[in-house]
Number of protein chains: 2
Amino acid sequence: MKALLILAHGSRRKASNDEVAQLVDKVRRLADAEYKEITHAFLELSEPDIQTAIASLAEKGTNDISVLPYFLNSGNHVTQDIPELIEQAKSNFPDCNFHIASPIGLHQEMPALILQCAKQPNL
Amino acid sequence: MKALLILAHGSRRKASNDEVAQLVDKVRRLADAEYKEITHAFLELSEPDIQTAIASLAEKGTNDISVLPYFLNSGNHVTQDIPELIEQAKSNFPDCNFHIASPIGLHQEMPALILQCAKQPNL
């Protein structure tokens, strides 16, 4: 049973964290039946944290979790912190497979999205 | 004469900042002739900072700058820090028009990109 865990940085600003939850709702509506669960967690500053989210997925019977770093660049969070957190999760849930996906910022369509966004006025 | 300024957070990790420069190169290759200059700046932790980048664009004759917040969420950086920095730039360069675009994370294609990225293994 597969799950997708979208892992965002987290903000002190509630509206910013709410945006992540709204985005994940959109991902759920768009996804096919491959993922039985699609959820999110925050690295810092908001909840749920990654271990809590993974424990919740495991309780629901998930045994295969794709972790999508919702980060634009391969900074320390992506290259060090997230892999360390997933190693810890592997120890806690040895029967679950974990895959860390490419961070969103490395998607090949990002340059095109930048040019499109540049035309859209701010909030 | 129009310019596009892609404004990223900046990282302590040089490779992460280099990714931004590489991304901006891709944006340049993809863009049409609308923007005479396409460049980047960092909010923190790396250079050039936004005022230095804007001064450089102004020296080249730019009088219209679109600032693209390369941020995923509307956290304090997007809602407070960037608008304050642009207000400061307006005082320094009163003959230049500034537009703050929507942050990249609010692009409507983001949910589809997340699902595509989830299939791509990490670096």
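For the structure given in this document, a descriptive report is provided here. This is a predicted model, so every value here is computed, not measured. (Residues numbered from 1 in each chain as written. Chains lettered and ligands numbered in written order. Predicted model: local features only at pLDDT ≥ 70, side-chain atom pairs only at ≥ 80, totals over all residues. Heavy atoms only, no water.)

1. So, the overall build of chain A
Threshold: Only DSSP runs of H or I covering at least 4 residues are called helices, and only runs of E covering at least 2 are called strands; the numbering of each starts at the N terminus. For the radius of gyration, the atom set is restricted to C-alpha positions; the globular benchmark scales as 2.2 Å times the number of residues to the power 0.38. Burial classes follow relative accessibility: with a 1.4 Å probe on protein chains only, a residue under 20% of its type's maximum area counts as buried, one over 50% as exposed, and anything between as partly exposed. Contacts between residues were defined by any pair of non-hydrogen atoms, one from each residue, lying within 4.5 Å. Computed by Shrake-Rupley with a 1.4 Å probe, the accessible areas treat only the displayed protein chains as cover when residues are assessed. His is not counted, nor are the chain ends, whereas Lys and Arg count as positive and Asp and Glu as negative. All charge positions are set by atom: Lys at NZ, Arg at CZ, Asp at CG, Glu at CD.
Counting its regular elements, chain A contains four helices and four strands. Listing the helices and strands of chain A from first to last along the sequence gives β-α-β-α-β-α-β-α. Scaling as 2.2 N^0.38, a compact globule of 123 residues should have a C-alpha radius of gyration of about 14 Å, and chain A matches this with 15 Å. By its C-alpha atoms, chain A is 45 × 30 × 30 Å across when sized along the principal axes. For chain A, buried positions account for 50% of its 123 residues. If you take every contact in chain A between residues at least 6 apart in sequence, the share linking residues at least 24 apart comes to 74%. Counting every atom, chain A has about 5,800 Å² of accessible surface; 46% of that belongs to carbon and sulfur. Counting 11 positive and 16 negative side-chain charges, chain A places the centres of these two groups 9 Å from one another.

2. Description of the sheet that holds strand β3 (residues 64–69) of chain A
All names here are of chain A. Note the threshold: For two strands to be treated as a pair, DSSP must find no fewer than two bridges joining them. Between N-to-C directions, angles span 0 to 180 degrees; the directions come from axes that are lines fitted to C-alpha atoms, helices contributing only their stretch in contact.
The parallel open sheet is built from four strands, whose spatial order is β2-β1-β3-β4. Each edge of the open sheet carries a strand with a single partner, namely β2 (37–42) and β4 (97–100). Pairs of neighbouring strands in the sheet enclose a mean axial angle of 25°, with direction left out of account. As defined by bridge partners, strand β1 (residues 2–8) adjoins β3 across six bridges and the pair is classed as parallel. If you follow K2 over to β3, its bridge partner there is D64. Running over the sheet, helix α1 (residues 14–30) touches β1 and β2 and is turned about 165° from β2. Most of the contacts of helix α3 (residues 76–92) go to β4, to which it runs at about 175°, and overall it touches β1, β3 and β4.

3. Describing the relation of the copies chain B and chain A
Inclusion rule: We place the copies in one frame by least squares, fitting the C-alpha atoms of every residue whose pLDDT is at least 70 in both.
Overlaying chain B with chain A gives an RMSD of 0.0 Å, the required rotation being 180° about an axis along which the chain moves by 0.0 Å. Taken together, the rotation and translation describe the operation of a two-fold axis. When each C-alpha of chain B is compared by its distance to the rotation axis, L72 of chain B comes out closest, at 3.7 Å. Most of the interface of chain B is mirrored in chain A, where 100% of its interface residues are also at the interface.

4. Some thoughts on the pattern of salt bridges
All names here are of chain A. Note the cut-off: By definition, a salt bridge exists where a carboxyl oxygen of Asp or Glu is found within 4 Å of a side-chain nitrogen of Lys or Arg.
All told, the structure shown has twelve salt bridges over all chains when counted by the stated rule. With its nearest N and O atoms 2.6 Å apart, the salt bridge here joins E34 to K2. Here K2 lies in strand β1 and E34 lies in the loop between α1 and β2, a separation of 32 residues in the sequence. Looking at K2, the relative accessible area reads 30%, which means it is partly exposed.

5. Notes on the packing of α1 of chain A against helix α4 (residues 110–117) of chain B
We apply this condition: In this scheme, roughly parallel covers angles under 35 degrees and roughly antiparallel covers those over 145, while 65 to 115 is roughly perpendicular and the rest are oblique. When the near helix sits turned anticlockwise from the far one by under a right angle, the crossing is termed left-handed; a clockwise turn instead gives a right-handed crossing. Throughout, the ten residues Ala, Val, Leu, Ile, Met, Phe, Trp, Tyr, Cys and Pro are labelled nonpolar, Asp, Glu, Lys and Arg are labelled charged, and all others, Gly among them, are labelled polar.
Where α1 of chain A contacts α4 of chain B, the axes come no closer than 9 Å and their chain directions differ by 70°. By the criterion of interaxial angle, the relationship of α1 of chain A to α4 of chain B is roughly perpendicular. Taken as a pair, α1 of chain A and α4 of chain B cross one another with a handedness that is right-handed. Where α1 of chain A abuts α4 of chain B, its residues L23, K26, V27 and L30 of chain A lie against M110, P111, A112, I114 and L115 of chain B. Its residues assigned to classes, the contact of α1 of chain A with α4 of chain B shows eight nonpolar, no polar and one charged.

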